[in-house]
Amino acid sequence: MTANGYGSGGRSVPLEEVLSTGNPILRTVSQADRAVNGTGGTRMICIATGEDKIGITSGYVGVLVKHAELKILDMAQVSVNGALMLSFMVDVGAGSAMNLMKDLLLQAQLHSMKMEFRFPESVEEASVAQRDGQVIVRVATEGAISLRLLHQFATIFQEHQSNILEIEHEADQHEGCFSSVVQYRIAVTSDLRTDILYAELQKVCLNEDAEVFVRRFDDLCRPKRHSLVVLGASEVVVPYDILHQIMDEAGVAIPDVAGMDPWAGVRRKIQALKGIPDSVLDKVKDRITYTPGARLVCAALKALGFKVALITGSAPARIANKIKHDLEVDYAIAQQIAVDDDGIMTGELGGAIGQWMDEFRKVDLIHLLADREHVAPKDVIVVGDYPVPDGSVELQGPRIYFNAGKHGNMKKVLQLMGFSSRETKELHGMYSRRSGESLVHSTTFPTVPESEYASAADLAPVEPDKNVKKFLLRLMGKENAHGQLSRMLAPVARLDDTRVVTISQSTMHCMCCFCLEFEYRVPEGGDPNFPVKELMFSAKVEGFECEFLQDATVPAALPNVSKCAVTMVSLPSLPTVLMDAVFSVCKQHNVNIDSLERLSADEDQMSALCVSCTLPTEKLESLKATLLRCSQDFHADIALQREDVNRWSRRVIVFDMDSTLIQQEVIDELASYAGVGDRVVEITEAAMRGEIDFHESLRKRVSLLAGAEAKPLFAKVKENLVYTPGAKRLCSTLKKHGFKMAVISGGFTAFASHVKQELGLDYAFANELEIDAQGRLTGRTIGPVVTPDRKRNLLSMISEVEECDLEQVIAVGDGANDIPMLSTAGLGVAFCAKPKVQAAANFRVNHCDLSTLMYLIGLNDSAVKESRARDSPRD
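Residue positions are given per chain, counted from 1 along the sequence in the order it is written. Confidence filtering applies because this is a predicted model: local features only for residues at pLDDT of at least 70, side-chain atom pairs given and counted only at 80 or more, and all residues used for totals across whole chains, interfaces and linings. Just so you know, side-chain values use all the structure's heavy atoms and leave hydrogens and water out.

Things to note about the overall build of the chain
- When helices and strands are tallied, the chain shows 32 helices and 33 strands.
- Relative accessibility under 20% of the residue-type maximum defines a buried residue, over 50% an exposed one, and the middle range a partly exposed one, all with a 1.4 Å probe and only protein chains included. Here the chain holds 875 residues, and the buried ones make up 57% of them.
- The contacts in the chain between residues at least 6 apart in sequence include a share of 72% that link residues at least 24 apart.
- Only the protein chains shown count as cover for residues, with accessible areas throughout obtained via the Shrake-Rupley method and a probe of 1.4 Å. For the chain, the computed accessible surface area is about 35,200 Å², with 48% contributed by carbon and sulfur atoms. Counting from the N terminus, the helices are the DSSP runs of H or I reaching at least four residues and the strands are the DSSP runs of E reaching at least two. Note on contacts: a residue pair qualifies if any of its non-hydrogen atoms lie within 4.5 Å across the two residues.

As structure tokens, this is what we get:
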């Protein structure tokens, strides 16, 4: 059941008429109230649309908080090129819908906005778009994207029964990058093969001078760090054909391989080297050069936790190994040219097998490496110089076509993979060139001010032309119908003189918000308004409400602002008063909310929400301090983080054990079963408060265990360990996403190793209890004691072993002995900690559920679901 909205759109509606009892929207609500009086509540979706302004979200939540019986079940918001769409689903209680709607209509009138109300007949109808069966498609061009290209993509999606859920457009003028990237998120049928979709889209791109990337969507905006990237050599990381360089050096004519299978052509070239000294290979190897951006891409991917492999049929093994060394990739697999005893190439392959490389063998090698690295087939990304795959071999993972001669800089590979221009620049900032070749590694990812980025509005024509008209269309639809974009663009798809400045689309609770800004060069004697007339007519046919502006532009990026994420968590659900307080604080700090995303999956309550926002950089610290007070006042977890590479690049997590991964203190459990519990508890509590030196407290407590039989005592404690709620869920999810995990405990090795095994951790460090020849505890430890400083040093050591920066490490603990470790890690989290620890940590989690840490890291409940799905047996 839907009630049509009232507000500033269309004719002006007097406030008295909006609130009159004869208003059809309120009659609808009254009927809904009466219908549910006996059932206990009304589930309602409220959607506000209008111009984006600071404080709008705060205003609407301020209305909701006045209705004490109301419960917010879901909330979402997007800002699309100056147009705002705010949606929330609420349970208002029986008989309360009319009063709520009156208040919301008044709020809409204040902000000159439209309101849409819906009363879903089922939870599924009310839910946000399901995240299963979705695909990400990114298309990039050197110049502006044409309406023709957008129409062709939309038509292919329609032919595959796919529905466009979201479109994002990014424009940039950074050196070495694509100038325009459009990303689609589409809902697809379960039988869609992404490699087939990629092949069809790539054929379009070849005619439009564009490139495309297709991958399955798993609730991350870029490929998971636990992925394998397979690179080609010739025309990819090396900007020329390596075999051709070898033949030129040898003075051998390059054979004509036109019309031959590419792999057969490579074989023919190698055969042509028969009788040539292998010293030519060393000469080519010694003067090898690399494609611009190749070092950056390889180094950045490895720093982020990707595995990188070079698989090539065109570079002999000797040269491939040189590339592996220089670019520091993980694997290099190539063909080995046979050489006789006199150092003369035979024109055949050497090695134990001597098998020629072909497409099938390359795929076998890829699968072998993926299995070795425990990477799912869909997370293997192949980058090579082949525009369109022949379809003879199915690869479940994405492909990227890159040709050094055509594309110039390998930074474009990062863009196609899903890294934004902002992120690409931050990754570029990690390195600086020294002596023309080597790269110096920085210890952190630098944050680049927002003002240094070009927005879509910055891509203006070089020279103003009076014959060029600029149009801005904003469309609001009550449903996201299959194929609607293809039908809307069809009338203007053949226009050659159009230039898309920006395009955006978002779908929330079945509502669709669409924005298109484009330029049109009017032909001599032509109608300057022809394209906008056609678009508006077709949009009306599709049921959209249209707003048309001529010679208007989308808002330009403001200087000196920072993009941030505010994460709110409260169990079992977020109180409306908490959200009201947070959004009021955001308004006071001139925070502009870009989007809202529910992180928790339970449809009957919302326990976690992420607010992506932009605010003046000078207000960051003040906002953080004020949100901390909100967190304390409402007993909720609130975190403010910059939306930069640092946030999502973290890939190592280190836990304390006692009262963190498990709910007990192991020394107390040992003492209890050994009959000295009360005496040990007194010492433990004093140590955790920081009143007693840790080393001395450990010595005193362990000494009380002297004489106890170790084996039965250990077994009893292990049997009765209680894991913290959410610990197993968190560790299982992080492992699937490529995290390395460790426990560093001031407890004891026997139990840390047991916890490591149970939770699937990678490292465990703790104190070792000494056991005598009779199997009894001596009351002493052996080896180095895990002191607070040693915890910090072990964390740093793990970071070095895993080849990541300390900024990429998360540390979680609750005691005073964890403070050095929490202060050293890039993200230090005080978990249900003592006041002294909370004061020293970057972030605090006070809900006794470790899985809420996922929200802080940037994951949501759907990522957990996707991880569990990958655990099921493969076909």
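What to know about helix 20 (residues 620-634)
- Helix span is expected to be 1.5 Å times the residue number reduced by one. With 15 residues, helix 20 ought to run about 21 Å at 1.5 Å a step, and its terminal C-alpha atoms sit 21 Å apart, in line with that.
- Considered for burial, the residues of helix 20 that qualify are Leu620, Leu623, Thr626, Leu627, Cys630 and Ser631. The buried side chains of helix 20 occupy one side of the element, clustering within an arc of 150° when seen end-on. Facing away from the buried surface of helix 20 by more than 90 degrees, the exposed residues are Glu621 and Asp633.
- At its buried positions, helix 20 is contacted by strand 23 (561-569), helix 19 (576-588), strand 25 (608-616) and strand 26 (637-642).
- In the segment just after helix 20, His635 is the residue with positive phi, at about 50°. The arc refers to the directions leading from the helix axis to the C-beta atoms.

Some words on the pattern of salt bridges
- For salt bridges, the criterion is a side-chain nitrogen of Lys or Arg within 4 Å of an Asp or Glu carboxyl oxygen. Evaluated as defined, the whole model comprises 36 salt bridges.
- The shortest N-O distance in the salt bridge between Glu517 and Lys470 comes to 3.9 Å. One end of the pair, Glu517, is in strand 21 (residues 511-521); the other, Lys470, is in strand 19 (residues 468-477), and 47 residues separate them in sequence.
- Given the relative accessible area of 1%, Glu517 is considered buried.
- Take Lys470: its relative accessible area is 15%, and that puts it in the buried class.
- Two residues, Lys791 and Asp818, come together in a salt bridge whose shortest N-O distance is 2.5 Å.

A word on the packing of helix 3 (residues 56-64) against helix 19
- Lines fitted to C-alpha atoms define the axes here, with helix axes fitted over just the stretch in contact, and angles between the N-to-C directions of these axes take values from 0 to 180 degrees. At a closest axis distance of 9 Å, the pairing of helix 3 and helix 19 adopts a crossing angle of 155°. If you check the angle between helix 3 and helix 19, you find them roughly antiparallel. Crossing handedness for the pair helix 3 and helix 19: left-handed. Taking contact as the criterion, the partners of Thr57, Ser58, Val61, Gly62 and Leu64 in helix 3 are, on helix 19, Thr576, Met579, Asp580, Phe583, Ser584 and Lys587.
- Think of it as three bins: nonpolar holds Ala, Val, Leu, Ile, Met, Phe, Trp, Tyr, Cys and Pro, charged holds Asp, Glu, Lys and Arg, and polar takes everything else, Gly as well. In the contact of helix 3 with helix 19, the residues fall into 4 nonpolar, 5 polar and 2 charged. For this classification, under 35 degrees means roughly parallel, over 145 means roughly antiparallel, 65 to 115 means roughly perpendicular, and everything else is oblique. Each crossing gets its hand from how the near helix is turned against the far one by less than a right angle, where anticlockwise is left-handed and clockwise is right-handed.

Thoughts on the packing of aromatic side chains
- Each Phe, Tyr or Trp ring, with Trp reduced to its six-membered ring, pairs with another whose centre is within 6.5 Å; inter-plane angles below 30 degrees give stacked pairs, above 60 give edge-to-face pairs, and intermediate values give tilted ones. Tallied over the full model, the rule gives 8 aromatic pairs.
- Between the aromatic rings of Phe157 and Tyr184, the centroid separation amounts to 5.1 Å while the plane-to-plane angle is 75°, which identifies the pairing as edge-to-face. Of this pair, Phe157 sits in helix 6 (residues 147-159) while Tyr184 sits in strand 8 (residues 180-187), and the two are 27 residues apart along the sequence.
- Taking the relative accessible area as the measure of exposure, Phe157 reaches 0% and is therefore buried.
- A relative accessible area of 1% means that Tyr184 is categorised as buried.
- Between Phe471 and Phe518, the aromatic rings sit 5.4 Å apart at their centres with planes inclined by 35°, giving tilted as the arrangement. A residue pair is termed long-range when its members are at least 10 positions apart, and Phe471 in strand 19 and Phe518 in strand 21 qualify at 47 residues. An identical accessibility class is assigned to Phe471 and Phe518; each is buried.
- A ring is scored as having a charge over it whenever the NZ atom of a lysine or the CZ atom of an arginine sits within 6 Å of its centre and within 35 degrees of its normal. A cation over an aromatic ring shows up here: Arg185 above the ring of Phe217, its NZ or CZ 5.5 Å from the ring centre.
- In this structure, Lys412 packs its charged tip against the face of Phe178, placed 5.2 Å from the ring centre.

Let's talk about the pairing of strand 21
- Taken across its 11 residues, strand 21 has 10 buried, putting it largely inside the fold.
- Direction of pairing for strand 20 (residues 498-508) relative to strand 21: antiparallel, over a ladder of 10 bridges. Across the sheet, Arg499 pairs through a bridge with Glu519, a residue of strand 21.
- Pairing between strands is defined by DSSP: at least two bridges between the two strands are required. Linking two consecutive strands that pair antiparallel, namely strand 20 and strand 21, is a turn of 2 residues; a positive phi of about 45° is found at His509 within it.

Some remarks on the nonpolar core
- With 59 residues, the main nonpolar core has Val237 and Ile323 as its most contacted residues.
- The residues contacting Val237, other than those within four sequence positions of it, are Leu231, Gly232, Thr289, Tyr290, Thr291, Ala294, Leu310, Ile323, Leu327 and Met410.
- Residues Ile662, Ala708, Leu721 and Ala766 belong to the second largest nonpolar core, which totals 55 residues. The term nonpolar core refers to a set of buried residues drawn from Ala, Val, Leu, Ile, Met, Phe, Trp, Tyr and Cys, joined through side-chain atoms within 4.5 Å.

Notes on the sheet that holds strand 29 (residues 763-771)
- One open sheet accounts for 7 strands, arranged 30-29-28-27-31-32-33; its pairing is mixed. Of all the strands in the sheet, just strand 30 (777-782) and strand 33 (843-845) have a single pairing partner and so form its edges. Ignoring which end each strand starts from, the neighbouring axes of this sheet average 25° apart.
- Of the pairings in the sheet, the one linking strand 32 (residues 827-831) to strand 33 comprises 3 bridges and is parallel in character. Bridging across to strand 33, Ala830 finds its partner in Arg844.

Remarks on the confidence of the model for the chain
- A residue-level look at the chain finds 85% of positions with pLDDT of 70 or above and a mean pLDDT of 85.
- Values of pLDDT, which run from 0 to 100, indicate the predictor's confidence residue by residue. Note that pLDDT drops below 50 for residues 1-15; the model gives that stretch 39 contacts with residues more than four away or on any other chain.

A word on the sheet that holds strand 12 (residues 331-334)
- The sheet built from 5 strands is open, its strands ordered 12-11-10-15-16 with parallel pairing. Each edge of the open sheet is held by one strand with a lone partner, namely strand 12 and strand 16 (399-401). Ignoring strand direction, the axes of neighbouring strands in this sheet form an average angle of 20°.
- As paired strands, strand 10 (residues 228-231) and strand 15 (residues 380-384) are joined by 4 bridges and run parallel to one another.

Comments concerning the environment of Phe739
- With respect to the helices and strands, Phe739 occurs in the loop between helix 26 (727-736) and strand 28 (740-748).
- Taking the C-alpha atoms as reference points, Phe739 and Val809, 70 residues apart in sequence, are found 9.8 Å from one another.
- What Phe739 contacts, discounting residues up to four positions off in sequence, is Arg225, Arg650, Arg651, Val652, Ile653, Leu734, Asp762, Ile810 and Ile857.

Section: unusual backbone geometry
- The residue after Leu571, namely Pro572, is reached through a cis peptide bond having omega 5°.
- Mapped onto the secondary structure, Pro572 falls in the loop between strand 23 and helix 19.
- Its identity is not glycine, yet Asn590 carries a phi of approximately 55°, on the positive side.
- Of note, Asn590 is situated in the loop between helix 19 and strand 24 (592-598).
- Of note, Glu803 is a non-glycine position whose phi angle comes to about 55°, a positive value.
- Along the chain, Glu803 falls in the loop between helix 28 (788-801) and strand 31 (809-813).
- On the basis of relative accessible area, Glu803 is assigned to the exposed category, the value being 59%.

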